[in-house]
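What follows is each chain in one-letter form.
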Amino acid sequence: MTQKHEDPVLVSSRREAIIVFLIWVVACTYVLGFCYVFGYNRDPKTLTFVLGIPDWVFYGIVIPWTISTLLSFWVANFLIADDDLGEAQEETALIPTASKQEGTHG
Amino acid sequence: MVEWLLAQATPAIPDPPAAGIGAIVALVLFIVVSVWLGTVAQRVVERSQFIQGYFQGNRGLGAWTIALTATVQSGGTFMGFPSLVYTYGWGVALWICSYMVVPMTGFGLIAKRVAQISRRTGAVTMPDLFRARFGSPTAGLISSLLIIVFMSIMMIAQFKAGALVMKIAWPGSGTLALSEDGPTATPVPVEQASAASSETPPRNWQSWLAREKIYLIGLAVFSLTVVGYTLIGGFLAAVWTDLLQSVMMFLGVMLLFVLAMMAFGGFERASRQAIANVEQAALDQGKTPEQARQAASAFVSGNGQKPNGMPWLPVTMAFSFFCFWPFAGTASPAGVVRVMACKDTSVLRKSIFLLAIYNMGIYLPLIAICIAARAMMPDLGSKSDEVIPRMALTLTQSLPLGSWLSGLILAAPFGAIMATVSSYLLVIASGLVRDVYQRFVNPQVTDHEIRRLTYFVMAGIGIVAVGLNIDPVQHLQTLVVFSSGCAASAFLIPTVMMCYWRGATAAGTIAAMLAGASSAFGLNMIGLLIAYRTQTSFAAYALLGFDPIVWGLAMSLVTGIVVSLCTRPPEAALVSKLFDREEKAV
């Protein structure tokens, strides 16, 4: 008696993909939002510099970039699970031969 | 030192120090090492079955090779970027900054699943994946045709770029980068499409031959090298040379960054000087003080300013590029093949962090270098393409071994172009040989015949590419922009559907591919038509301000879902093989 489970690699990859996509959404919202508010049509006279970098670039791009790099460390070492990818199959193992019907076009 | 450097930089675009012998030696070194890597790779292929070894390196790639080669779009993207920073200023930081998430999206969205499916089905190419997942030869064929068409166009343009780098490095050639008077074909990002050259080629062939002699030699050397080592060593040769050039590029950028910051005694001085230079340059061009202030403001703003006064990066475009770099890289056919070839999941994990360090270490310093360049060389004008070589030559000339150092920096683009051509060449060859010939013409073909055919096809592609570049096609640049936009829109959604959605159907996937490609193509065509009607330079039509890739992805998503829901799902057994695992009940 066997039972079917959803493939664990599918489960973990899907979870990781959703989290990564959310990271993209957050990064996109923050960076574009911040840079649009503080970085568009800037007057050089009001511009201040942080570590030699214009303020809006520093807070809107350099800081989130640094955070993203740290997040990448977290994603690489803690979020993503190691999984067994399985043995590489012979190339024709699962591929229907030309004689088989496609059967997927409706 | 800074006063001296500033004094060197008069508005008249001074001649930079000569490239010297270092550049040509570095190029030769690159060529020799690449060919050597090709022969090493060949020995690995010899020990395995041909298709798996030659097109996939027996699924043995480690973290460094995956991280530094799988998501990098092309040498051209990288080469156009410094010139943009120099010209438009800090806004380019916003344009490029989605590279901060590229490591995560590139290896976190679909990589593990793609690697798994490719193993379970024995897939070697991207079309193999679609074919096996949906049990549909048609899905395989259509994806491979799309790949072959788009990648051929992008690759053929790179041959010209490679030949031009050779010409530049030639002692006494007088030019430093892929600039205006040669037929330029750096595949630049979508935004830069207007750079397409418009002059007519000379018709008197003798004077043409005399003038283009070095270009033709460069074309011959470049083509022989890149086709040669790729043909000998296959996938591993392409990946290893790619890794080599990525590492060289990183070292070069680090070196330039340190030298530039030393020259200015800190970055703020460079930034302020750059802003002052922009304002001064505008005044020198006879602009009013008000306009000059505006130009300076544009240089420090996110939106920038085009020569016609329009914003260079409206916020809709900034959004488009925040989609473009992360998602176009994730599903590019050359990148997906490399992910399929990873050794195991820990390689994919390590790649994320390695690439994160690499991207941060290369893009942020490059921005700083090019801002410093604007401070040091106020008005390169039309020669802004040469910003990196000029900085390299200027900053290293007082150093011992300066000529050699700058040589390596000048050679880096050559390596980048070789690596791109090499990987595209393989994808195209595998498309023709495996996805078309082996699948549809002769499924019973033997290992030995496949090998002979592969060599033959590759040599053939090389000859065609050389032929088309002897007297390069006008507006090739335009075609490149078309292709890269269409390719990026075509494959992301279908690949995600393939990985995660049980209900996705073959018809839905095919529709998603075609919808993505055709809507990007359509918007490019409208742009071309507008350019033709108004006699302006070509730029893709940005509907509501968004780049075609955004529309392409949206159309692809909607079409893929709707068509999948309306068509009969694939056989349950086929889906189950890739989505379920059978276990003994407890």
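This text goes with the structure placed above it.
On a predicted model such as this, the values are computed, not experimentally measured, just so you know.

1. Some words on the overall build of chain A
Consideration 1: Tallying secondary structure elements over chain A gives 2 helices and 3 strands in all.
Consideration 2: Along chain A, helices and strands appear, N-terminal first, in the series β-α-β-β-α.
Consideration 3: Burial analysis of chain A (106 residues in total) assigns 33% to the buried set.

2. Points about the overall build of chain B
Consideration 1: The helix and strand tally for chain B stands at 24 helices and 1 strand.
Consideration 2: Going through the 586 residues of chain B one by one, you find that 61% of them count as buried.

3. Let's talk about the interface of chain B and chain A
Consideration 1: Between chain B and chain A, the contact holds 75 residues from the first and 69 residues from the second.
Consideration 2: Looking at the side of chain B that touches chain A element by element, the count peaks at 10 residues for helix α17 (residues 345–376) of chain B.
Consideration 3: Tallied by class, residues from the side of chain B that touches chain A come to 38 nonpolar, 19 polar and 18 charged.

4. Comments concerning helix α19 (residues 402–441) of chain B
Consideration 1: With 40 residues, α19 of chain B extends 56 Å from end C-alpha to end C-alpha; this agrees with the ideal 58 Å at 1.5 Å per step.
Consideration 2: Most of α19 of chain B is tucked away: 33 of the 40 residues are buried.

5. Considerations on the environment of Phe440 of chain B
Consideration 1: Examined against the element boundaries, Phe440 of chain B turns out to sit in helix α19.
Consideration 2: With 303 residues separating them in the primary sequence, Phe440 of chain B and Pro137 of chain B have C-alpha atoms 8.8 Å apart.

6. Some thoughts on unusual backbone geometry
All names here are of chain A.
Consideration 1: Here Asn41, not a glycine, exhibits a phi torsion of approximately 50°, which is positive.
Consideration 2: Of note, Asn41 is situated in the loop between α1 (8–39) and β2 (49–50).
Consideration 3: Positive phi, close to 55°, is recorded for Leu51, a residue that is not glycine.
Consideration 4: With respect to the helices and strands, the residue Leu51 is situated in the loop between β2 and β3 (53–54).

7. Concerning helix α16 (residues 333–340) of chain B
Consideration 1: With 8 of 8 residues buried, α16 of chain B lies mostly within the body of the structure.
Consideration 2: Burial in α16 of chain B covers these residues: Pro333, Ala334, Gly335, Val336, Val337, Arg338, Val339 and Met340 of chain B.

8. Comments concerning the packing of helix α13 (residues 267–284) of chain B against α17 of chain B
Residue and element names in this part refer to chain B.
Consideration 1: Put simply, α13 and α17 touch, their axes get as near as 7 Å, and they point 50° apart. Of the possible angle classes, the one that applies to α13 and α17 is oblique. Remark: the crossing between α13 and α17 carries left-handed chirality. Residues Phe267, Ala270, Ser271, Gln273, Ala274 and Asn277 of α13 touch α17, and the partners they reach there are Ala368, Ile371, Ala372, Arg374 and Ala375.
Consideration 2: Taken together, the residues of the contact of α13 with α17 break down into 7 nonpolar, 3 polar and 1 charged.

9. Notes on the environment of Leu70 of chain A
Consideration 1: As for its position among the elements, Leu70 of chain A is in helix α2 (residues 55–79).
Consideration 2: Residues Leu70 of chain A and Gln3 of chain A, spaced 67 residues apart in sequence, show a C-alpha to C-alpha distance of 41 Å.

Here is what the cut-offs are and how they apply
- Residues numbered from 1 in each chain as written.
- Chains lettered and ligands numbered in written order.
- Predicted model: local features only at pLDDT ≥ 70, side-chain atom pairs only at ≥ 80, totals over all residues.
- Helix = DSSP H or I, 4+ residues; strand = E, 2+ residues; numbered from the N terminus.
- Buried ≥ 20, exposed ≤ 12 C-beta atoms within 10 Å, placed from the backbone.
- Contact = placed C-beta atoms within 7 Å.
- Nonpolar A, V, L, I, M, F, W, Y, C, P; charged D, E, K, R; others polar.
- Expected span 1.5 Å × (residues − 1).
- Axes fitted to C-alpha atoms, helices over the stretch in contact; angles between N-to-C directions.
- Parallel < 35°, antiparallel > 145°, perpendicular 65-115°, else oblique.
- Left-handed = near helix turned anticlockwise from the far one by under 90°.

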